[in-house]
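A structural walkthrough
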Amino acid sequence: LGGKQSGKGPDMANRTDTSAETVHGTNPQYLVDRIIRNKIYNDAYWKEFCFGLTTESLIDEAVKLDYVGGTYGGRRRPAKFLCLFLKMLQIQPDDDVVLEYIRQPDLKYLRALGAAYYRISQRHVDVHKTLEPLFADYRKLRYRDIQGKLSIIHMDEFIDWLFREKTVCDVTMPGMPKREILEATLDLPPRESILEEDLEDLEDLEPTAAGAAGIDAPAAAASSAASESTAPAVPEEGKEDKDEGKGKKEGRDRDRDRDLQREREREREKDDEKDRRRRKDRDASEARHERRERDRDRDRDRDRDRGRDESPPRKKKKDKK
């Protein structure tokens, strides 16, 4: 898998582990475009901190990550996240180690790194089974775009990018069939919603409430004939079931309202970030315009002074008498 690289020095440090297996029929490092690979190989962070990393020491570097991203800036410098991603392709850690990266709850950037590696290196069915539970992770992540600007995203957004986008962090993701196709081929079970248990409880409560309502009518007639103050036990039970169903419905409504509120806050944060970027770009544009105006006025004054200094003195005309 090392390709045609030979010799000692930097080429040896960039070669794929000899025990690594091919991924999608090719060298794992070749899943990253050659131009991006060369930028990573020539980056100071790769040469200084990624040399000799193992599956254990890679965690120490992942702890220091403070944003996700690909290449950025005018020189398209690779982010540390992208360097560590290529390092994982180079050393190809065991599947159990990668799953531990993903399942651990403390280091969110290590989870994002493991999820990106798992998406590009594993079978489609395993990717769905492993990464879909991460849609319930709403923690914030910093993301650096190609211009170098930082913005706030969330873990579930990043996982959604891995499923839907063709390119994530300047890495081209392998094509993935739709979930419906995988379910039709019986390779993937239907997706289970986190609200499935609540829906089952609601379905169980419906016949109970209907039965209680059917018993209420004759019981109410008998109680009204005997004594209006005496209430049968069955309607009380039905009332308790209705109260319980009402409480669960209110709980689901609260959860739904909380999700909607979280979504509104997320959209509000995105809008605020866009406004801040627009104001910053507008201020920078105005500053450039003022600077150009000052330079133009300075050049105009300099040219006028230079022309005044270089012009020959005029001779005074003699008055004719």
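Residues numbered from 1 in each chain as written. Predicted model: local features only at pLDDT ≥ 70, side-chain atom pairs only at ≥ 80, totals over all residues. Heavy atoms only, no water.

Let's talk about unusual backbone geometry
Look at cysteine 169: it is not a glycine, yet its phi comes out positive at around 55°. Mapped onto the fold, cysteine 169 is located in the loop between strand E6 (167-168) and strand E7 (171-172). One non-glycine residue, aspartate 170, adopts positive backbone phi at about 65°. One can find aspartate 170 in the loop between E6 and E7. (Helix = DSSP H or I, 4+ residues; strand = E, 2+ residues; numbered from the N terminus.)

Describing the pairing of strand E5 (residues 150-154)
Two elements, strand E4 (residues 140-144) and E5, share five bridges in a ladder whose sense is antiparallel. Bridged to leucine 141 within E5 is isoleucine 153. As consecutive antiparallel partners, E4 and E5 are separated by five residues, and within that stretch glycine 148 has a phi angle of approximately 90°, a positive value. (Pairing = 2+ DSSP bridges.)

Topic: the packing of helix H2 (residues 34-41) against helix H5 (residues 80-91)
Axes are the key here: two packed helices are described by the angle between their axes and the distance separating the axes. The contact between H2 and H5 brings their axes to 10 Å, and the two run at 105°. Comparing the axis directions of H2 and H5 gives the class roughly perpendicular. Counting all contacts with H2, which are made through Ile36, Arg37, Ile40 and Tyr41, the residues of H5 involved are Leu82, Cys83 and Leu86. The residue makeup of the contact of H2 with H5, split by class, is six nonpolar, no polar and one charged. (Axes fitted to C-alpha atoms, helices over the stretch in contact; angles between N-to-C directions. Parallel < 35°, antiparallel > 145°, perpendicular 65-115°, else oblique. Contact = heavy atoms within 4.5 Å. Nonpolar A, V, L, I, M, F, W, Y, C, P; charged D, E, K, R; others polar.)

Comments concerning a positive patch on the surface
On the surface, Arg288, Arg291, Arg292 and Arg294 cluster together to form a positively charged patch. Note on placement: arginine 291 falls in helix H12 (residues 233-310). (Patch = residues over 30% accessible without salt bridge, like charges linked within 9 Å, V, L, I, M, F, W, Y side chains within 5 Å. Areas by Shrake-Rupley, 256 points an atom, 1.4 Å probe, with all protein chains shown as cover. Salt bridge = Lys/Arg side-chain N within 4 Å of Asp/Glu carboxyl O. Lys, Arg positive; Asp, Glu negative; His and termini not counted. Charge placed at Lys NZ, Arg CZ, Asp CG, Glu CD.)

Comments concerning the pattern of salt bridges
What the rule picks out here adds up to 19 salt bridges. Ionic contacts of the salt-bridge type, sharing partners, join the residues Arg111, Asp137 and Arg139 into one network.

Brief notes about the side chain of glutamine 29
Mapped onto the secondary structure, glutamine 29 falls in the loop between helix H1 (10-13) and H2. Setting aside residues no more than four positions away along its own chain, glutamine 29 makes contact with Asn14, Arg15, Thr16, Arg37, Tyr41, Leu86, Leu89 and Gln90.

Side note on the packing of aromatic side chains
Within this structure, the stated rule accounts for six aromatic pairs. Relative to tryptophan 46, the ring of tyrosine 41 has its centre 5.7 Å away and its plane inclined at 55°; by these criteria the two rings are tilted. Residue tryptophan 46 is classed as buried on the basis of its relative accessible area of 4%. Judged by centre distance (6.2 Å) and plane angle (90°), the rings of phenylalanine 81 and phenylalanine 158 are edge-to-face. A residue pair is termed long-range when its members are at least 10 positions apart, and phenylalanine 81 in helix H5 and phenylalanine 158 in helix H9 (residues 155-164) qualify at 77 residues. (Phe/Tyr/Trp six-rings, centres within 6.5 Å; stacked < 30°, edge-to-face > 60°. Buried < 20%, exposed > 50% of the residue type's maximum accessible area, 1.4 Å probe, protein only.)

Focus on the environment of histidine 154
Relative to the helices and strands, histidine 154 resides in strand E5. In this view, histidine 154 contacts Tyr138, Arg139, Lys140, Leu141, Arg266 and Glu269; residues no more than four positions away in its chain are not counted. A polar atom in the side chain of histidine 154 sits 2.8 Å from the side chain of glutamate 157. (Polar contact = N/O pair within 3.5 Å; in protein donor to acceptor, adjacent residues only side chain to side chain.)

Side note on the sheet that holds strand E1 (residues 68-69)
In sheet architecture, strand pairing relies on hydrogen bonds along the backbone and comes in two forms, parallel and antiparallel. An order of E1-E4-E5 is seen for the three strands of this open sheet, with the pairing classed as mixed. The open sheet terminates on both sides in strands that have one partner only, identified here as E1 and E5. Relative to E4, E1 runs parallel, the two sharing two bridges. The partner of glycine 69 across the bridge, within E4, is arginine 144.

Comments concerning the nonpolar core
The biggest cluster of nonpolar side chains holds 51 residues, and the ones touching the most others in it are Phe81, Phe85, Leu131, Phe158, Ile159 and Leu162. If near-sequence neighbours (up to four positions away) are discounted, phenylalanine 158 is found in contact with Val68, Phe81, Ala112, Ala116, Leu141, Ile153, Val168 and Cys169. (Core = buried A, V, L, I, M, F, W, Y, C linked by side-chain atoms within 4.5 Å.)

Comments concerning the packing of helix H8 (residues 124-131) against H9
H9 packs onto H8 with a crossing angle of 165° between their chain directions and a minimal axis gap of 12 Å. Considered as vectors, H8 and H9 are oriented roughly antiparallel to each other. In the packing of H8 onto H9, the handedness of the crossing is left-handed. Residues Val127, His128 and Leu131 of H8 pack against Ile159, Leu162 and Phe163 of H9. (Left-handed = near helix turned anticlockwise from the far one by under 90°.)

Structural notes on H2
It helps to recall that an α-helix has 3.6 residues per turn; residues three or four apart then point in one direction. Of the positions making up H2, those classed as buried are Ile36, Arg37, Ile40 and Tyr41. When H2 is viewed along its axis, its buried side chains cluster within an angular range of 135° and face the same direction. Buried residues belonging to H2 abut helix H3 (44-49), strand E2 (71-72), strand E3 (77-78) and H5. (Arc of directions from axis to C-beta.)

Here's the deal with the confidence of the model for the protein
Overall, the predicted model of the protein reaches an average pLDDT of 79, with 76% of residues at or above 70. In this model, residues 2-9 is a region of pLDDT below 50 whose contacts with residues beyond four sequence positions or in other chains number 10 contacts. Confidence drops under pLDDT 50 across residues 229-235; counting only partners more than four residues distant or on other chains, this segment forms seven contacts. (pLDDT = per-residue confidence, 0-100.)

Some thoughts on H5
When the terminal C-alpha atoms of H5 are compared, their 17 Å separation across 12 residues agrees well with the 16 Å that a helix rising 1.5 Å per residue should span. Most of H5 sits inside the fold, with 11 of its 12 residues counted as buried. Listing the buried residues of H5 in full gives Phe81, Leu82, Cys83, Leu84, Phe85, Leu86, Lys87, Met88, Leu89, Gln90 and Ile91. Positive phi shows up at glutamine 92, right after H5, with a value of about 45°. (Expected span 1.5 Å × (residues − 1).)

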